[in-house]
Structures are given as C-alpha cells and as structure tokens.
Protein chains: 2
Amino acid sequence: MTGQTLRPFLTRATQLYPDREVVARTADGMTRYTYAEYADRVGRLANALRAAGVERGDRVATLCWNHDRHFEAYFAVPDLGAQLHTINPLLPADDVRRIVDGADDRLVFVDPSLADTLAAAYDPDAFESVEQVVVIGSSAPDLPVDSVTSFETFVAGHDADYDPPTVNEDDPAGLCYSSGTTGDPKGVEYTHRMLWSHTMAITTPMGLDIADADVVMPVVPMFHINAWGLPYAATAAGAKHVYPGPSPDPADLVELIEREGVTLTAGVPTVWLGVLDYLDDHDADLSTLSRIVIGGAAPPERLIRAFDDRGVEVVHGWGMTETAPVGAVSHLKPDLRDADYETQLAKRTKQGLILPGLEFEVVDDAGERVPHDGESMGELRVRGPWVADGYVDGPSETRRGDGAEGSVGDDAVEDSWLRTGDVVTVDSDGYIELVDRAADVIRSGGEWISSQALENAIMSHEAVREAAVVGVPHERWGERPVAYLVDDDADRDALVETVSARLREDYPDWWVPDRFEFVEAIPKTATGKFAKTDLRDRRDDPIDGA
Amino acid sequence: MTGQTLRPFLTRATQLYPDREVVARTADGMTRYTYAEYADRVGRLANALRAAGVERGDRVATLCWNHDRHFEAYFAVPDLGAQLHTINPLLPADDVRRIVDGADDRLVFVDPSLADTLAAAYDPDAFESVEQVVVIGSSAPDLPVDSVTSFETFVAGHDADYDPPTVNEDDPAGLCYSSGTTGDPKGVEYTHRMLWSHTMAITTPMGLDIADADVVMPVVPMFHINAWGLPYAATAAGAKHVYPGPSPDPADLVELIEREGVTLTAGVPTVWLGVLDYLDDHDADLSTLSRIVIGGAAPPERLIRAFDDRGVEVVHGWGMTETAPVGAVSHLKPDLRDADYETQLAKRTKQGLILPGLEFEVVDDAGERVPHDGESMGELRVRGPWVADGYVDGPSETRRGDGAEGSVGDDAVEDSWLRTGDVVTVDSDGYIELVDRAADVIRSGGEWISSQALENAIMSHEAVREAAVVGVPHERWGERPVAYLVDDDADRDALVETVSARLREDYPDWWVPDRFEFVEAIPKTATGKFAKTDLRDRRDDPIDGA
Ligand SMILES: Nc1ncnc2c1ncn2[C@@H]1O[C@H](COP(=O)(O)OP(=O)(O)OP(=O)(O)O)[C@@H](O)[C@H]1O
Ligand SMILES: Nc1ncnc2c1ncn2[C@@H]1O[C@H](COP(=O)(O)OP(=O)(O)OP(=O)(O)O)[C@@H](O)[C@H]1O
Ligand SMILES: [Mg+2]
Ligand SMILES: [Mg+2]
C-alpha cells in the first residue's frame with residue numbers, strides 16, 4: 001500500500017497516453033504538446049526548482065493565468081515535496097502583499113501581463129522570503145525585486161530526467177487563499193492525500209464524470225482553488241487539456257471549444273452569461289461540448305435553460321476553498337429523469353448532492369440537525385478526506401467543530417466537521433440549496449431570514465438596481481432586516497410600498513425589512529460580491545424594541 | 001480531514017437515496033427493501049454482533065452466497081471496527097479448516113445450503129476460536145459446533161439505531177484468501193482505507209463507471225474478493241443492488257436482469273458462457289443491460305463478440321486478491337474508438353489499462369523494465385493505495401520488492417511494489433496482456449516461453465481435449481517445455497506431428513515442446529484451474545542436454 005500522492009497520476013498518463021495533448025492559448029499564440037513532452041517539461045522545471053534551492057516544505061507561488069507553464073508547476077512543485085501557492089491576482093494589492101508575507105513564498109512565477117500586479121503589491125518586508133521572481137516568457141520586465149529571471153533562462157540547461165525525492169501523502173502540495181468575501185482571505189493547505197481524494201471523487205460519475213475521451217478546458221482560473229481540481233482530474237483520467245490563457249473573451253472560448261473539440265469546461269456564471277451573449281450574435285458549433293460545470297456562485301435559471309436549448313448540459317456544483325473545492329454536484333437523480341423539465345430545473349438550480357466520500361449535516365444555532373424538508377435552514381457542515389482541517393494563515397479561530405457549541409454528539413467517527421459558513425436547506429431528495437451566508441442570515445425571533453432571498457426578490461423589481469439586506473440589532477427580536485437600495489430615480493415611498501407588498505406575497509410577514517434605506521451604491525469586495533460587513537458597520541442605529 | 005472509512009458511503013446512500021432498492025433472490029423467494037431499511041438492518045446486525053461480544057479487531061466469517069444478509073454484514077462488521085472474513089465454500093474442506101484456524105474467526109455466518117460444507121470442514125481444534133455459528137434463516141440445522149443460532153434469533157430484540165465506535169481508516173475491514181492456484185490460499189487483509197480507495201477508483205469512468213442510475217448485480221461471489229468491490233461501489237454511487245442468491249443458473253440471471261432492470265453485472269467467463277448458451281434457446285430482453293464486467297480469467301473472444309451482437313458491452317478487467325481486486329480495465333482508448341472492430345476486439349481481449357491511482361511496471365528476471373512493445377514478457381508489478389502490503393496468513397515470504405533482487409531503483413516514491421506473479425506483455429497503447437503465471441512460464445535459454453499460449457494453441461486442435469505445458473529442467477537451456485495431453489483416441493504420433501507443425505507456424509521453433517506425454521486427465525485445483533504444481537512434481541526425468 002503506497003501513499004496517495006499526485007505523481008502516479010502523471011506517470012500513468014505518460015505511460016498510457018503519451019500522445020494525448022496539452023494545449024494552451026498564450027500571449028504568443030497556441031502552445032501544443034503531448035503528455036510525453038509535458039512530463040519532460042515537468043521534470044525540467046522540477047530540476048530547475050531544485051537547483052534554485054527549493055526544498056521539501058518550501059512554498060512556490062504563481063501569479064498566473066491558465067496556461068501550459070502554470071500547469072507544469074502543478075506537478076513539478078508538489079513532486080519536489082514543495083507547495084504550490086496559487087495567488088489570486090484579482091485581490092487588492094494589500095491582500096496580495098499580506099498573502100505573500102503570510103505564506104513565506106521562496107519563489108514567485110508571474111505572467112508578464114501580471115508583472116504590474118506584482119509590482120503594485122511589492123514591499124521589501126512582505127517579500128523578504130522571495131528569493132527569485134521568474135517571469136513566464138523569454139524575457140523579464142523590470143520589477144522592484146532583486147532577482148528576476150525569465151522562465152526560459154530559469155529552466156535552460158536542466159535535464160528532463162527527474163529523480164523525485166520521497167514525498168509523503170501528508171506533505172502539503174498546495175496552498176490557496178479563500179476569496180475574502182467575509183473577511184481577510186484565509187490560507188488553506190492541501191496535502192497530496194487531499195488532492196488525491198478530491199481527484200478521484202470529481203472523476204466519478206457522481207462528481208464531474210471525467211474519462212480519457214474528454215477534452216477538458218478549465219476556464220475557472222488556476223489561481224482559484226486549483227481550477228476546481230480539473231488539471232489533476234484530467235491527468236488522472238488521461239484526458240486532453242485545453243488552457244484558455246490570459247483574459248480569454250467569449251470569442252476566444254468559443255473558438256477553443258470548436259477548434260480543440262472541448263467536451264467539458266468549467267467556470268463561474270458570469271463567464272457563461274458572456275458566452276451566451278456572444279452566441280446570440282455569432283454562429284458556433286458546440287457539438288463536441290457535452291457539459292459546462294458552473295459553480296462559485298449560483299447560475300441563474302435562464303443560463304441553464306439557454307445552454308439546454310443549445311444541447312449543452314449545465315452541471316451546477318458547490319464548493320469552497322476549504323473543500324479543495326468540490327463538495328456537491330447537482331445531478332438529476334434516477335427518479336427525476338422522467339420528471340417534467342420545470343421540476344428538473346428546480347433541482348438543477350440547487351447546489352446539489354454531496355459527493356461520495358463526504359459527509360454532511362445541516363444544523364441550527366443550537367447544533368441540532370434540521371429536517372430535510374427543503375425549508376428548514378441551517379448551517380452546512382461537511383467532512384471527509386478532502387476537507388481542510390483549518391487554516392495555515394488566517395484567523396486563529398478556525399471555525400471547526402470542537403465538541404462544544406455546535407457539536408453533533410458522538411455519532412460521528414471523529415468530530416471534525418467543517419462549518420462551511422453557508423446557510424442551506426436540504427430537500428427530501430437530498431439536494432442542498434444555498435440560501436445565505438451564515439454571517440449574513442438574519443436571526444429574528446429564533447427564526448432565520450435569508451438575506452439573499454430578500455435581495456433577489458427586491459432586485460426583481462425593475463426600479464431597483466441593487467439591493468442588500470442586513471440584520472440590525474433589535475431588542476425584542478434579536479435582529480431585524482434592513483434593506484439598502486440603489487434605485488433608478490423612483491418615487492421612493494411608492495417603491496417601498498410595492499416592494500413590501502410583493503415580499504408579503506412570497507414570504508412570511510415578519511421577513512419584510514423594517515427599514516428601506518436608499519444609498520448611492522452597495523459596497524463590493526475585490527471579486528465583486530456585496531461587502532455586507534461594510535453595510536453592517538453602518539447599521540449603528542438599532543431598531544427600537546416593540 | 002477525516003479518515004477514509006466505509007461508513008460515510010452508507011450514510012450518504014441512506015440520506016440521498018432512502019427509497020432506492022436492495023433486492024435479493026433467496027432460498028425463500030425474493031427479498032426487497034430500501035436503503036433506509038438496509039441501514040436499519042445494518043444497525044440491528046451491528047448491535048447484535050456487539051452484544052455477542054464482537055469487538056474492534058475481531059474477525060467475523062461468512063460462508064454465504066450473494067444475498068441481502070451477506071450484504072448487511074459487509075457494512076455491519078467493518079462498522080464495528082471488526083473484520084469481515086469471507087470464506088470461499090468452493091475450497092476443499094481442508095483449506096476451509098486451515099483458513100478458519102489461521103484467521104481465528106470468532107463468529108461464522110453460514111447459509112443453510114452451506115451448512116454441510118461447514119460441517120465437513122469442522123474440527124474442534126481449528127474451530128476453537130469460533131464462539132458461535134449463525135445460520136442465515138429462521139431455523140438452525142444441526143452442526144457439530146457448540147453454539148448454533150438462527151439469524152432471526154441472533155438479531156431479535158436489537159435496535160436499529162446504532163452508535164458506531166471510532167473506526168480508523170487503517171483498521172482492517174476485510175479479509176479474503178486467494179484462490180490457492182499456485183499453492184495454499186493466502187490471507188489478504190483490507191483496511192478501510194484500501195476499500196475506500198478501491199471503491200472510488202472502480203466508480204470512475206476509467207474503472208467500472210458506476211452511477212446512481214445503475215442497477216448493479218454482482219454474480220461474482222461475495223466470498224470472492226468482495227464481489228470485486230461492487231457492493232461498496234454501488235452503495236457509494238447510490239445504485240440499486242441486485243443479489244442473485246445461492247447457485248443461480250442462467251435462467252435465474254436472465255430473469256433478474258429483465259425483472260430488475262439490471263444495467264451492470266459482473267462475473268467470471270464461465271458464467272457468461274452459460275448465459276450465452278441459454279440465450280441461444282430462449283428469448284430475453286437485455287435492453288437495460290449496458291455492460292458485463294468479466295474478469296478472474298480471460299474471456300474468450302467469442303464471448304465478447306456474442307454479447308456485442310446483443311448490444312451488451314463486455315468490459316474485461318484484471319485483478320487479484322492482493323489488489324482488492326480490480327487493477328486494470330480494458331476500455332477502448334479515444335484513438336481506438338474509430339478503429340475497425342477486429343482491432344478493437346484485439347485490445348478488448350487484453351487485460352486492460354491500469355486504473356488511475358495505481359502504478360505498474362513489468363520487469364524481467366534481472367529486475368529490468370521490459371519495453372512496452374506488446375511482445376516482451378515480464379512479471380507485472382503494481383502498487384498503490386489499494387494494493388496489499390503482504391499476507392496475514394500465508395507464506396512468510398510475502399513476494400514484496402525489498403530493494404534487493406528485482407528492485408527498480410530510486411524513481412519510486414516508496415519501494416513497495418507487489419509482484420503479481422502474472423507474466424504479461426504491454427503494448428505501445430499501454431494495454432496489459434496476461435500471458436502466463438510467473439510460476440508457469442518456461443525459462444529457456446534466457447528467454448521466456450508462455451505455457452498458456454502453447455496450451456491454448458495445442459487445445460485448438462480438435463483431437464486434443466486438454467493440454468498443460470510445464471517447464472522441465474534442462475542442462476543447457478535451463479528449462480524446456482513438456483506438454484501433457486488428454487486426447488480423444490487419436491493416432492498419437494500423427495497428432496504430435498500436426499500439433500508441432502502448427503505451433504511452428506505461430507511461434508519460434510524453440511517454443512515447441514521437447515516432449516508430448518499423454519495422460520488420463522490434467523490435475524485441477526478446487527476452482528477448476530490446472531494444478532501445474534502437481535504436473536511439475538511428475539517431471540522427474542530431466543531432458544538430456546544437447
Ligand atoms: N454553486 C454555488 N452557488 C452559490 N454560492 C456558491 C456556489 N459555490 C460556491 N459558492 C459560495 O462560494 C463560497 C466559497 O468561495 P471561496 O472559498 O472562494 O471564498 P469565500 O467564501 O467567498 O471567501 P471567504 O471565505 O474568504 O470569506 C462558498 O462558501 C459559497 O458561499
Ligand atoms: N482478466 C483476467 N484474465 C486472465 N487471468 C486473470 C484475469 N483476472 C485475474 N486473473 C488471474 O487470477 C489471479 C488472481 O486470482 P486470485 O487472487 O483469486 O488467486 P490465484 O492467484 O488464482 O491463487 P493463489 O494466489 O492463491 O495462487 C491473477 O493473478 C491472474 O493470474
Ligand atoms: Mg469562505
Ligand atoms: Mg495469486
């Protein structure tokens with residue numbers, strides 16, 4: 001019995017599929033090579049990293065888009081027993097600086113187009129650990145760091161034959177920071193074993209169903225939770241890889257799908273909304289594309305409908321940095337295969353069914369499991385072999401069950417539930433639906449009100465541009481909802497009246513916000529999500545008890 | 001991060017698929033219940049076992065066919081931290097006795113129809129550890145053991161609510177003995193983690209591709225390497241289970257396929273040859289059946305053709321007790337999908353492609369890797385998370401690479417290759433083909449001669465009923481082949497001449513046996529394989545050096 005490490009996936013792919021391709025759109029055009037050559041490149045890069053002094057336990061960072069060189073680092077760095085730290089270049093410069101500082105990265109790979117991002121984040125103290133910056137390309141731009149090399153120079157003269165050190169399955173292989181929606185980004189470490197388990201799980205039919213015949217194009221960034229694990233899973237299956245390179249626009253994506261015969265692609269809803277708009281005006285042959293995995297945020301129903309009309313299945317998935325990331329996928333269960341389309345759609349828009357290998361439960365504030373009735377809300381907790389144990393750089397409070405508050409008693413093998421911070425319902429078919437963040441849900445009179453449900457309902461009014469709902473302290477009820485609205489020059493009193501009336505139709509009376517405030521704009525996080533913490537800071541005036 | 005234990009598979013199936021069915025053909029007719037009820041039954045059985053004194057680390061044996069009660073033990077016993085020891089009732093009574101003795105089983109479950117088998121194996125010394133025999137049914141026959149209970153009595157009064165103890169992934173969950181083809185059956189222990197890894201691997205598309213919509217019927221006995229892991233994988237996927245019960249004949253199997261809508265079934269070639277004969281004379285609707293997994297021995301080409309003609313794919317797999325068992329599956333690679341049928345068939349009859357998660361290599365006697373040219377023979381070695389570390393009851397020599405003879409150097413994470421004892425070739429597409437057993441291959445002048453290839457070629461002559469070829473010591477060449485033939489009253493001199501001539505057409509001259517001996521019968525093992533060790537014992541007269 002050997003350990004669950006990543007390298008055997010690559011060895012197998014090289015042995016069985018030496019001629020299958022890895023393709024990338026790069027700034028200099030298309031790159032195209034085989035698994036056999038890929039393995040050589042991984043070997044060369046690993047030898048170069050070793051020569052640069054990278055050792056077991058070290059961290060190597062990337063600030064890169066989705067391309068072949070980034071993919072090489074995916075195997076080369078863990079093969080050394082080192083840790084691939086993928087930095088999100090979309091984070092504010094402050095966050096990038098803090099993250100490099102916290103992670104103690106020894107080496108940073110950066111795309112030429114992201115050199116400015118690195119420069120903006122640079123600070124000699126925070127970057128003290130960084131011995132070298134390697135710019136992906138044949139030349140290196142000016143950067144405010146001591147040692148800057150081009151990738152070509154970095155690997156030049158190194159052998160493709162690589163003799164890996166002993167790597168243990170519990171060695172960290174990856175590091176990724178969460179998006180920072182609810183606070184500062186938190187560092188989550190992935191061991192080989194976690195990535196191995198996650199790879200196997202998403203490869204199964206109840207995961208993303210990946211086989212050697214697939215042509216996999218991860219549009220979800222490789223800096224965002226390992227592109228949802230697709231580079232590893234595609235390798236395990238022996239599939240063809242297609243990387244869309246820096247800032248692909250819808251035309252690029254459609255062209256890649258057509259030209260490379262992509263069968264499986266994945267990304268957040270906005271990407272696919274953009275592609276849909278493009279498809280409205282352009283002819284495209286999507287005949288090879290069988291499915292698009294959408295996650296990170298809920299895909300609007302119309303997105304699923306529109307791709308269904310084009311013969312492409314949208315597979316909705318849920319996950320988080322802490323779950324490496326895939327935790328649930330919304331497949332149609334056997335007894336729903338014959339249901340009418342609207343019934344099916346209602347299930348497919350939910351976040352899905354927990355993956356085989358994971359456990360889940362949904363608990364209220366008292367730590368009691370809520371019924372699976374599709375209505376009762378609670379915080380989702382998950383656990384399993386690819387769920388993180390805590391954070392390596394972040395709040396010392398790691399949000400883990402500790403046997404005290406929120407513990408679920410002794411019916412668990414170990415009490416190591418991850419509190420996801422997501423508030424969900426579970427229906428009688430077992431489909432999880434995300435209704436809010438635990439930080440955002442409004443606790444009113446012992447019951448929970450979903451701020452997201454209210455926001456969506458309010459925003460469905462044509463005169464409302466944006467709306468955010470937060471809980472405000474209330475003497476009698478604990479918290480009461482207050483809505484912040486951005487309007488389109490409306491009659492505000494009338495607007496509040498219609499909106500409240502509409503809410504009363506769909507929700508209990510006590511869900512209707514106590515106050516509607518009009519603001520210029522809703523504050524947003526780096527990734528464009530509502531920064532509700534900022535709003536809550538404003539809610540200084542509690543509502544009088546009644 | 002929690003451990004890789006079996007229970008979460010069942011928990012998930014019960015939560016997500018409470019109404020999906022477990023169906024079994026039993027001596028008393030069909031049994032049919034849901035996962036929800038199955039979980040209750042597992043709980044009740046676990047409570048009963050606990051009350052009977054079964055503790056973590058204990059072994060609980062079964063001498064049972066494929067049915068619902070046997071499946072209950074599959075989860076109930078490991079849930080206790082105990083070990084399910086599935087005994088093969090087809091082994092000679094001597095072996096069963098030795099196995100119970102070696103395993104120190106505390107409790108034995110036995111089918112009424114196998115009570116005689118148990119009685120025949122009984123011996124007070126060997127059965128000293130056995131405190132209780134539980135007969136599956138409502139009454140218990142006479143047996144020469146002290147405490148005999150019926151299953152109904154055993155579980156009566158026990159609660160369905162079960163509170164499992166802490167189980168670690170490294171706790172042994174199962175024990176299975178090898179078939180004893182090359183010597184005494186050897187005990188192989190499976191930890192939770194091994195079974196978890198194997199479950200995930202066979203569930204993937206590159207494995208057996210199992211989803212919730214599947215209806216899985218394992219015909220391969222549950223006493224034979226956990227019915228190839230299908231009961232666990234079907235549970236992980238949320239599939240429907242169909243167990244064919246004691247000694248199903250082809251008519252029973254076809255009826256179950258039709259009535260239960262079986263989509264995936266599995267067993268050794270002889271079973272499916274029997275089903276084919278039956279189908280020649282009977283109408284049957286196999287429309288739900290998409291694939292039959294065949295392994296344990298190579299399926300004859302005509303078997304694959306015949307099922308192809310009926311629209312059912314034969315999926316050929318290779319495995320062994322030591323690999324829990326599935327190690328390779330013969331899927332068509334993407335670039336073979338467009339090949340002509342005969343080319344495809346030539347690949348599909350091979351033992352297949354190594355599963356994702358495993359590593360393999362093929363080495364000659366000097367421990368050198370042989371080229372993947374489809375011709376060079378060597379011993380197959382495998383390693384990975386579901387490959388056994390050695391034997392718990394068997395030869396102290398555990399056939400493991402130890403860094404010395406046969407070691408493959410330092411390019412491996414750990415030097416823990418399992419020598420399979422199978423001699424194979426690997427073609428340039430990576431397909432493994434089993435050509436012989438390492439114990440049977442004839443080493444002549446530094447080259448290897450496949451005894452199996454010669455046997456098949458000789459048996460293709462219509463006047464030959466059976467043939468076995470073994471290596472006999474030879475002064476100059478090391479070993480030379482000698483053939484033992486069972487004939488149909490032929491002109492023996494003429495027969496030897498034609499057979500030799502035919503062999504010369506297909507093989508090098510030096511492959512042709514030096515001697516042909518006619519015998520009454522070829523000695524066989526309990527499972528019907530040629531007992532070549534017996535033949536080798538006869539080859540007392542070495543061939544003169546030339
Ligand atoms: N399919 C989905 N539908 C709706 N929301 C989703 C979906 N998938 C993921 N999410 C949201 O994204 C979260 C995971 O995102 P990520 O790990 O990138 O960081 P974050 O939770 O946004 O930020 P932070 O943890 O730093 O506050 C989930 O907890 C969930 O709230
Ligand atoms: N698809 C297949 N084609 C040919 N032979 C196979 C196939 N699958 C398995 N086998 C043979 O079966 C063996 C595994 O069988 P098993 O573990 O039941 O015991 P055994 O090897 O026959 O007996 P023992 O190890 O006790 O001598 C493999 O090593 C291989 O020789
Ligand atoms: Mg989060
Ligand atoms: Mg064997």
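Since this is a predicted model, take the numbers as computed values, not measurements. (Residues numbered from 1 in each chain as written. Chains lettered and ligands numbered in written order. Predicted model: local features only at pLDDT ≥ 70, side-chain atom pairs only at ≥ 80, totals over all residues. Heavy atoms only, no water.)

### Notes on the overall build of chain A
A tally of helices and strands in chain A yields 16 helices and 25 strands. Relative to the 2.2 N^0.38 estimate, which gives 24 Å for 546 residues, the radius of gyration of chain A is 24 Å and therefore close to what a compact globule would have. Taking the principal axes of its C-alpha atoms as reference, chain A extends roughly 75 × 55 × 55 Å. Taking all 546 residues of chain A together, the buried fraction comes to 61%. For chain A, the share of sequence-separated contacts (at least 6 apart) that also reach a separation of at least 24 residues comes to 69%. Computed over 48 positive and 100 negative side-chain charges, the separation of the two mean positions in chain A equals 2 Å. (Helix = DSSP H or I, 4+ residues; strand = E, 2+ residues; numbered from the N terminus. Rg over C-alpha atoms; globule rule 2.2 N^0.38 Å. Buried < 20%, exposed > 50% of the residue type's maximum accessible area, 1.4 Å probe, protein only. Contact = heavy atoms within 4.5 Å. Lys, Arg positive; Asp, Glu negative; His and termini not counted. Charge placed at Lys NZ, Arg CZ, Asp CG, Glu CD.)

### Points about the packing of helix α1 (residues 7–16) of chain B against helix α2 (residues 35–51) of chain B
Residue and element names in this part refer to chain B. α2 packs onto α1 with a crossing angle of 140 degrees between their chain directions and a minimal axis gap of 8 Å. Judged by the angle between their axes, α1 and α2 are oblique. Remark: the crossing between α1 and α2 carries left-handed chirality. Of the residues in α2, those touching α1 at Leu10, Ala13 and Thr14 are Tyr35, Ala36, Tyr38, Ala39 and Val42. Partitioning the contact of α1 with α2 into residue classes produces seven nonpolar, one polar and no charged. (Axes fitted to C-alpha atoms, helices over the stretch in contact; angles between N-to-C directions. Parallel < 35°, antiparallel > 145°, perpendicular 65-115°, else oblique. Left-handed = near helix turned anticlockwise from the far one by under 90°. Nonpolar A, V, L, I, M, F, W, Y, C, P; charged D, E, K, R; others polar.)

### Considerations on the pattern of salt bridges
Evaluated as defined, the whole model comprises 86 salt bridges over all chains. A salt bridge links B:Glu21 to B:Arg32; the shortest N-O distance between them is 3.4 Å. Here B:Glu21 is found in strand β1 (residues 21–26), whereas its partner B:Arg32 is found in strand β2 (residues 29–34), with 11 residues between them in sequence. We classify B:Glu21 as partly exposed; its relative accessible area is 23%. A salt bridge links B:Arg106 to B:Glu131; the nearest nitrogen and oxygen atoms lie 3.1 Å apart. Of this pair, B:Arg106 sits in the loop between α4 (93–103) and β5 (107–110) while B:Glu131 sits in the loop between α5 (115–121) and β6 (132–135); the two residues are 25 residues apart in sequence, bridging distant segments of the chain. Shared partners join several salt bridges into a network, and the residues in it are A:Glu21, A:Arg32, A:Lys240, A:Glu255, A:Arg259 and A:Glu260. (Salt bridge = Lys/Arg side-chain N within 4 Å of Asp/Glu carboxyl O.)

### A look at the state of the cysteines
As enumerated under the stated definition, the model contains zero disulfides over all chains in all. The structure places no disulfide on B:Cys64, whose sulfur is separated from the nearest cysteine sulfur, that of B:Cys176, by 14 Å. (Disulfide = S-S within 2.5 Å.)

### Overview of the relation of the copies chain A and chain B
The second copy of the chain is related to the first by a rotation about an axis and a shift along the axis. With an RMSD of 0.1 Å, the fit of chain A onto chain B corresponds to turning through 180 degrees and sliding 0.0 Å along the axis. Overall, the copies show the geometry of a two-fold rotation axis. Closest approach to the rotation axis among the C-alpha atoms of chain A is made by A:Thr204, whose C-alpha sits 2.1 Å away. (Least-squares fit on C-alpha atoms with pLDDT ≥ 70 in both.)

### A few points about the site of ligand 1
Residues and elements named next belong to chain A. In the vicinity of ligand 1 there are 21 residues, among which Ser178, Gly180, Thr181, Thr182 and Thr321 approach most closely. Between threonine 182 and ligand 1, the recorded distance is 2.4 Å, taken from a side-chain N or O atom to an oxygen atom. Within the contact set of ligand 1, an oxygen atom lies 3.0 Å away from a side-chain nitrogen or oxygen of lysine 186. Within the complex, 94% of the 630 Å² of free accessible area of ligand 1 lies under protein. Of all the secondary-structure elements, those providing two or more residues to the shell around ligand 1 are β14 (313–319) and β20 (432–437). Among the elements that make up the shell around ligand 1, the one with the highest residue count is β14 (four residues). (Near = heavy atom within 4 Å. Polar contact = N/O pair within 3.5 Å; in protein donor to acceptor, adjacent residues only side chain to side chain. Areas by Shrake-Rupley, 256 points an atom, 1.4 Å probe, with all protein chains shown as cover.)

### What to know about helix α11 (residues 269–281) of chain B
Residues and elements named next belong to chain B. In this model α11 runs 19 Å from its N-terminal to its C-terminal C-alpha over 13 residues, within 8% of the 18 Å that 1.5 Å per residue would give. Where α11 is concerned, the buried positions are Pro269, Trp272, Leu273, Val275, Leu276, Tyr278 and Leu279. In this structure, the buried side of α11 is in contact with α10 (250–260), β12 (264–267), β13 (291–294) and α12 (301–309). (Expected span 1.5 Å × (residues − 1).)

### Re the nonpolar core
Counting residues in hydrophobic clusters, the biggest one holds 190 residues, and the most contacted among them are A:Leu49, A:Phe109, B:Leu49 and B:Phe109. Here B:Leu49 is in contact with B:Val54, B:Val60, B:Ala76, B:Val77, B:Leu80, B:Leu107, B:Phe109 and B:Phe154, once residues within four sequence places are set aside. Residues B:Leu276, B:Tyr278, B:Leu286 and B:Leu303 belong to the second largest nonpolar core, which totals 26 residues. (Core = buried A, V, L, I, M, F, W, Y, C linked by side-chain atoms within 4.5 Å.)

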